[in-house]
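Coordinates in review
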Amino acid sequence: MSTYTTIKRLLPKGRCLILSGPFLWLLVFFLMPFIFVAKISVAEAELSIPPYTAMFDWIDGVLGIRVSINNFLWVLDDPLYVQAYLNSIKMAFFSTLFCLLLGYPMAYAIAKAPKEQQTVWLLLVLLPSWTSFLIRVYAWVGLLKNNGLINGLLMWLGIIDDPIQMINTNFAVYVGIVYSYLPFMVLPLYANLVKHDNALLEAAADLGAGHFTRLFRITLPLSINGIVAGSMLVFIPVVGEYVIPELLGGTETIMIGKVLWQEFFNNRDWPVASALALIMVFILIIPITLFHRFQNKEANL
Amino acid sequence: MIGSKLSFSKFMFWFGIAFLYLPMAVLIFYSFNASRLVTVWAGFSGKWYVELFQDQQIMSAVGRSLQIAFYSASSAVVLAVMASIIMVRFKKFTGRTLFSGMVTAPLVMPDVIIGLSMLLLFVAMGQHLGWPENRGMLTVWIAHTTFCLAYSTVVITSRLTEMDKSLEEAALDLGASPFKAFMQITLPIISPAIISAWLLSFTLSLDDVVIASFVTGPGATTLPIEVFSSVRLGVTPKINALATLIIGVVSLVAIGSWFFTRKMNERISAQLNVD
Amino acid sequence: MTSSEITRKNSRAQDEVLLSIKNITKKYDDALAVDDISLDIKKGEIFALLGASGSGKSTLLRMLAGFEKATSGKICIGSEDITHLQPNERPFNMMFQSYALFPHMTVAKNIAFGLQQDGMAKADIDARVSEMLKLVHMEKYAKRKPHQLSGGQRQRVALARSLAKHPKLLLLDEPMGALDKKLRTEMQLEVVDIIERVGVTCVMVTHDQEEAMTMADRIAIMDEGEIQQIGTPVDIYESPLNRMVAEFIGSVNIFESEIIEDEEHFMKLFCPDIDTDIYVGRGVSSGIDDRNMLFALRPEKTFISVEKPDMDHNVTEGTVEDIAYLGGHTVYYVKLTSGKIVQCFLANTERRAERPDWDEKVYVFWQDDAGMVMRS
C-alpha cells in the first residue's frame, strides 16, 4: 500500500514535469512576445533606447497609462501600407496557385510511382529545401540578371537583341517564391494522395468514369485536406516574405514583409513596425486557424 | 487508360525537378569559373574556394552558426519529444487547444513576425529583468529553439501516433515503471524520427536569416546574415563556392541519413505493420 | 465435444477462488462500458469473456491489467485489494492482441524484459529464458528479431514472455485475433496445452465463440457492459438463460409462445406458428402469472421429413424455402404455414442421399427434450 501511495504521489508530478517544459517555453517565447508587440504598437516612436515611449509612467503617485492608436491610423491611412498588404495577399495567392498547379501533378506522380521508388522521388523534391534557402534564391539572381545566364543564352541564340528585364520585377519574385516553396506544397499533397485507395479509382472506372471524371469527382475531392494544408503552408509565410522580394524584386514589388523590415531597421520606428505586424497577424488568423484545424484532423486519423 | 494521365503527371514531375535543380547546378558550375562574370566561362579554377577559406569573417560566422544550430536542434528535439508525448498521450488537460495552437503556429508564422516579436520580448525582458543583458548567440539560440520545436514536434508526433500503444502497455505489464517503459521501449522505437527531427532543426537553424537578423546582437553575426549582406550587393563568386560546399554537405548528410532511417524504419515497421 | 474431454477440463479447475471482481463499473464520459459486474475466477481455470465488440469485455480485461481505472468497485486477489495498483505492480501478465513484441529486441531479450524489471540475477534470467523458450518450442529462434518470425511463432514468444514472471493470472486479449483461420485452430490447442502444463489461471477475451468453447472451462457472455450468463460451454449452449445468449452462441429458432400447462415433469406451450402443441419434457414450475415464454430450438435438433411423423405434438407443416449445402451438413430453411422461417440442419451421413427438394412440402418435428424455454 505504501508503494502505491508513493507512486501515486510521483506520477502526476512526472506528468506535470513533461507538460510544463514545452508549455512554459512556448508561453514565454512564443505567446508572450505577441503581448509586447501589442503593447509597443500603441506606443510612440522616440529617440531613446529602446526607441519607444513607455506605456506606464508614475509621476507624483499618479499612474499614467499612455495608449496611442496613431500608429494604426497612420498605417491604415497611408496608401503605401494598404497597397503593401493588398499586394502581399495578391502575390501570395498567385504564388500558391502556381505552386498548386505545378505541385499537384508532381505529388500525384510520386504517389503513383512504385512503392519502393516513392521515397527516392520524394527525397529528390525535398533535398533542395534542406540546402540553404538564401542561396537558392540567390542562384536566381545570376540566372535572371540583365547580363545573366538566361539573357545571355537568348541573345547568343539570336532570339533577342537586347536583354529582357527580369530581375527586380514581380515576375522574378514569383519565380523565386514558387521555387522556394514548391516542396512545402508537394509534401502534404503527397502524404494525402498516397493514402488513397486505388480501388476507388478502379471502382469509378468500372462504373464508366473517364479519367477527367475520376480526377475531378474522386481524386480531387478526396485530397482537399492536402490541398488546404499545402496551400496554407505556402500562402501564410509568403504574405510576410522578406528575403525573396528583397533579392529579386524591384521598386514595383511592395510587400508588407519588406515594408516592416524597412520601418524597423531603416527608420527605427518600432511602434509602426509592431502595428504592421499586428495587422498582419490579424489578417493571417483565418488561414492559420484553417491550417491548425487541418493539422489536428490529420493527427487524429 | 490511366497511363496517359500518368505520363502528364510524370512529365510535370520531371519538369519540376529540372526547375528545382537547374539553378543549383548553374551555381555549382560557376563556382569553378575563373571569371567574375556569370556569362563568361574563363576556364576552370578553384580560386574562389581559396578566397572563401581565407575570409576570416565568413569562417568565424560558419563556426558560430554551426554552434547555434547544434544547440538549437538539440534543445528543440528534447522539448519536441515532451511536446509530442503531450499531444499524443495526454488526451485531456486544460489548455490543450492553446498548447496545440502554440505548437503548430510557428510552422506558418511569417519570419518577420517571429523575429520582431521575439526581439521585443528580449528587449522588454532585458529592461525589466536584466536578462538577457544583451542580444547575441543566446537570444538566437532561444529564437531558433522555438521555431525548430514546432517542426520537430510535427515529425516526432507523426511517428508516435503510428506507434502501437500496446508496446508501452506491455512494458508496464511486465513490471517496468512508466519512465523505464519510455526509455527502454518508446524512445528506441521513435529514435529514427528523433534523428530526422534533429537534422531538420539543424538545417533550419543554419538557414535562417530573418529571425536571426532581428534577435542577434553585435559580434554574433551568423552565416546567413553574412551571406545575405554580401548577396544583396550582387553576384559574388565566393558565395557560389560557399553555396556549392553547402549543397554538397547537405546532400551527403541527407542521403546518408535517409539510408540510415530507411534501414531503421524497415526493421521497426516490419514488425509494426504485420496486421 | 466428447464427455471425457469435459471431465478432463473440469478437473483442471479447483474450487479455490483466486480473483474476485466486485461490482466493477467503468464509465467513459456518460457511456457505461462496464455495468456493475461481479465475478469470481477460480484457481487454475481458463475463463473466457465472450461478446461482440463494444460489449465491455476488453474494458473489463484492461481493468484487470490496470490500464483502465475502474469508476467504482473492487478487484481482489484473496484478501488483497489491487483495484488501485498500477499495471507494473500487479502480479498479472498479459498477452496482447497485436502481441506487442518489442521490435528492437531479440526473442530472448523480449522474454527477459519482465525478469530484468524485477532485478533478477543474470544467470537466473538466462536459465528462465531458456526454460520458457523450451516450453514454447522456440529454442532455435532466441536470437531472432520479432519481424523475422511467422505469426504463430510470434504468438509463442508473446505467450512465453507473459508466462516468464510466473504471473498469478494470465490475461489473453483476443489471443488468436492476428492469426488466419487455419493456424487459429492449431494454436488454440497448443496454447491450452502450454497453459495447462504451467498450471496458470487464465482470463481471456474473445469475440469468437468457437475459440471460447475450445479453450475455456467457463465462459461469461457479455452484452452492453453486463454479464448475461456464466457457465461451462455446455451450459451456455444447451441451457441459455435468455434470448440474447441463445442467439449469440450458434443458430437458434425462437418461438414466442404461451404456457398452457406447467407440471413438475412436463409443460405444454401454445405457439401460433406451430400447428400442434409444444410439449417440453420438464416443467419450470414458475408459478408466475406471466404466461409468456420463449421456446428455443437448435437447428441440429430440429428434424424434417416428407412423411408425416406419427406424433400429436412437436410437429408442424411447412415448405422448403431454401437449401444451403455446407458439406458436413445441409441447412434447410423451411417456411411454416404462418410464414415464419425455421432452420434445420440435416447431417450428411450418406453420400448423395435422397433429400427434400425446393418447394417440397415437409414436416418439421423435434424430441420432447430438444427445446429450451426461457422468459426473455
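Cut-offs applied
- Numbers given for residues are sequential positions, taken from 1 along each chain in its written order.
- Each chain is given a letter, starting from A, and each ligand a number, starting from 1, according to the order in which they appear as written.
- Reporting of local features is limited, given that this is a predicted model, to residues whose pLDDT is at least 70; pairs of side-chain atoms are given and counted only at 80 or more, and all residues count toward the totals for whole chains, interfaces and linings.
- Hydrogens and waters are ignored; side-chain quantities use all the structure's heavy atoms.
- Put simply, DSSP H or I for four residues or longer makes a helix, DSSP E for two residues or longer makes a strand, and each gets a number counted from the N terminus.
- It is over C-alpha atoms that the radius of gyration is taken, and the globule rule equals 2.2 Å times the number of residues to the power 0.38.
- Here the accessible surface of atoms and residues is derived via Shrake-Rupley with a 1.4 Å probe, and residues count as covered only by protein chains that are part of the display.
- Whether a residue is buried, partly exposed or exposed follows from its accessible area with a 1.4 Å probe, protein chains only, as a fraction of its type maximum: under 20%, in between, or over 50%, in that order.
- In what follows, a contact means two residues having at least one pair of non-hydrogen atoms within 4.5 Å.
- Under the rule applied, a polar contact is a pair of N or O atoms within 3.5 Å (in protein, one hydrogen donor and one hydrogen acceptor; residues adjacent in sequence only if both atoms are side-chain atoms).
- Planes of paired rings set the category: under 30 degrees apart is stacked, over 60 is edge-to-face and the rest tilted, where pairs are Phe, Tyr or Trp rings (Trp by its six-membered ring) whose centres lie within 6.5 Å.
- To sit over a ring, a charge needs its Lys NZ or Arg CZ within 6 Å of the ring centre and within 35 degrees of the ring normal.
- Here a salt bridge means any side-chain nitrogen of Lys or Arg lying within 4 Å of a carboxyl oxygen belonging to Asp or Glu.
- Each axis is a line fitted through C-alpha atoms, taken for helices only over the stretch in contact, and angles between the N-to-C directions span 0 to 180 degrees.
- In this scheme, roughly parallel covers angles under 35 degrees and roughly antiparallel covers those over 145, while 65 to 115 is roughly perpendicular and the rest are oblique.
- Definitions for this section: a left-handed crossing has its near helix turned counterclockwise from the far helix by less than a right angle. A right-handed crossing has that turn clockwise.
- Lys, Arg, Asp and Glu make up the charged group, whereas Ala, Val, Leu, Ile, Met, Phe, Trp, Tyr, Cys and Pro make up the nonpolar group; the residues left over, Gly among them, are polar.
- Here, any two strands with at least 2 DSSP bridges between them count as paired.

With that settled, the discussion passes to the overall build of chain A. What chain A contains, in helices and strands, is 13 helices and two strands. The C-alpha radius of gyration of chain A comes to 25 Å, more than 25% above the 19 Å expected for a compact globule of 301 residues. Here the C-alpha coordinates of chain A stretch approximately 85 × 85 × 35 Å along the principal axes. Surface accessibility of chain A: about 14400 Å² in total, with carbon and sulfur atoms responsible for 69%.

Right, let's talk about the overall build of chain B for a bit. Looking only at helices and strands, one finds eleven helices and zero strands in chain B. In chain B, buried positions account for 57% of the 275 residues. For chain B, restricting intrachain contacts to residue pairs at least 6 apart in sequence, the fraction spanning at least 24 positions comes to 70%. Accessible surface, chain B as shown: approximately 11400 Å² in total, 68% of it carbon and sulfur.

Attention now moves to the side chain of His 144 of chain B. Residue and element names in this part refer to chain B. One can find His 144 in helix H6 (residues 137-162). In this structure the side chain of His 144 is engaged in a polar contact, spanning 2.8 Å, whose partner is the side chain of Asp 208. Excluding its chain neighbours within four sequence positions, the residues that come into contact with His 144 are Ile 68, Ser 72, Ser 205, Asp 208 and Ala 212.

Moving on, we come to the packing of aromatic side chains. For the coordinates displayed, the defined rule picks out 39 aromatic pairs over all chains. Ring centres of Tyr 242 of chain A and Phe 228 of chain B lie 5.8 Å apart, and the angle between their planes is 65°; on these two criteria the pair is classed as edge-to-face. Here Tyr 242 of chain A is found in the loop between helix H10 (224-239) and helix H11 (243-248), whereas its partner Phe 228 of chain B is found in helix H10 (residues 223-231) on a different chain. Owing to a relative accessible area of 1%, Tyr 242 of chain A belongs among the buried residues under this scheme. Measuring from ring centre to ring centre gives 5.6 Å for Phe 70 of chain B and Tyr 71 of chain B, while their planes differ by 75°; the resulting arrangement is edge-to-face. A relative accessible area of 41% means that Phe 70 of chain B is categorised as partly exposed. A residue is classified by how much of its surface remains accessible, and Tyr 71 of chain B, at 46% relative accessible area, is partly exposed. Positioned above the aromatic ring of Phe 102 of chain C, the side-chain terminus of Arg 161 of chain C is 4.6 Å from the ring centre.

This paragraph deals with the pattern of salt bridges. All names here are of chain C. Taken as a whole, this structure holds 18 salt bridges over all chains when the rule is applied. Glu 45 serves as the salt-bridge partner of Arg 218, at 2.8 Å between the closest nitrogen and oxygen. In this pair, Arg 218 is assigned in strand S9 (residues 218-223) and Glu 45 in the loop between strand S2 (31-42) and strand S3 (46-51), connecting sequence segments 173 residues apart. A relative accessible area of 1% places Glu 45 in the buried class. Asp 208 is paired through a salt bridge with Arg 184; the nearest N and O atoms lie 3.8 Å apart.

Residues and elements named next belong to chain A. Relative to each other, helix H8 (residues 198-206) and helix H9 (residues 211-222) sit at 155°, their axes nearing to 10 Å. Accordingly, the angle class assigned to the pair H8 and H9 is roughly antiparallel. Every pair of crossing elements has a handedness; the one defined by H8 and H9 is right-handed. Judged by residue contacts, Leu 200, Leu 201, Ala 204 and Ala 205 of H8 engage Arg 214, Ile 218, Thr 219 and Leu 222 from H9. Residues of the contact of H8 with H9, tallied by class, amount to six nonpolar, one polar and one charged.

Attention now moves to the side chain of Thr 216 of chain B. Residue and element names in this part refer to chain B. In this fold, Thr 216 is placed in the loop between helix H9 (210-215) and H10. Reaching out from Thr 216, the side chain makes a polar contact with the backbone oxygen of Ala 220 at a distance of 2.8 Å. The residues contacting Thr 216, other than those within four sequence positions of it, are Arg 135, Gly 136, Val 140, Thr 221 and Ile 225.

Take H10 of chain B next. Across the nine residues that make up H10 of chain B, a large majority, seven, are buried. Among the residues making up H10 of chain B, those that are buried are Leu 223, Pro 224, Ile 225, Glu 226, Val 227, Phe 228 and Val 231 of chain B.

This part is about the sheet that holds strand S20 (residues 372-374) of chain C. Hydrogen bonds between backbone groups are what pair the strands of a sheet, and the pairing can be parallel or antiparallel. All names here are of chain C. Taking strand neighbours across the sheet as the criterion, the five strands line up as S13-S12-S11-S14-S20 in an open arrangement whose pairing is antiparallel. The open sheet has two edge strands with one neighbour each: strand S13 (278-280) and S20. Geometrically, the sheet is characterised by an average inter-axis angle of 40° between neighbouring strands, direction not taken into account. Strand direction decides the pairing type here: strand S11 (residues 253-262) and strand S14 (residues 292-297), joined by six bridges, are antiparallel. Across the sheet, the residue bridging to Glu 256 is Leu 294, located in S14.

Here we take up unusual backbone geometry. Residue Trp 131 of chain B is joined to Pro 132 of chain B through a cis peptide bond whose omega torsion reads -5°. With respect to the helices and strands, Pro 132 of chain B occurs in the loop between helix H5 (111-128) and H6. At Asn 168 of chain A, a position not held by glycine, the phi torsion is positive, near 65°. You can see Asn 168 of chain A is positioned in the loop between helix H6 (149-156) and helix H7 (170-193). The class for Asn 168 of chain A is partly exposed, based on a relative accessible area of 40%. Positive phi, close to 50°, is recorded for Asn 23 of chain C, a residue that is not glycine. Considering the arrangement of structural elements, one finds Asn 23 of chain C in strand S1 (residues 17-28).

All names here are of chain C. For His 313, the position within the fold is in the loop between strand S15 (303-305) and strand S16 (315-325). For the pair His 313 and Val 364, spaced 51 residues apart in sequence, the C-alpha separation works out to 11 Å. Aside from chain neighbours lying at most four places away, what touches His 313 is Thr 276, Asp 277, Tyr 279 and Asp 368. Within the structure, the side chain of His 313 is placed 3.5 Å from the side chain of Asp 312, a separation counted as a polar contact.

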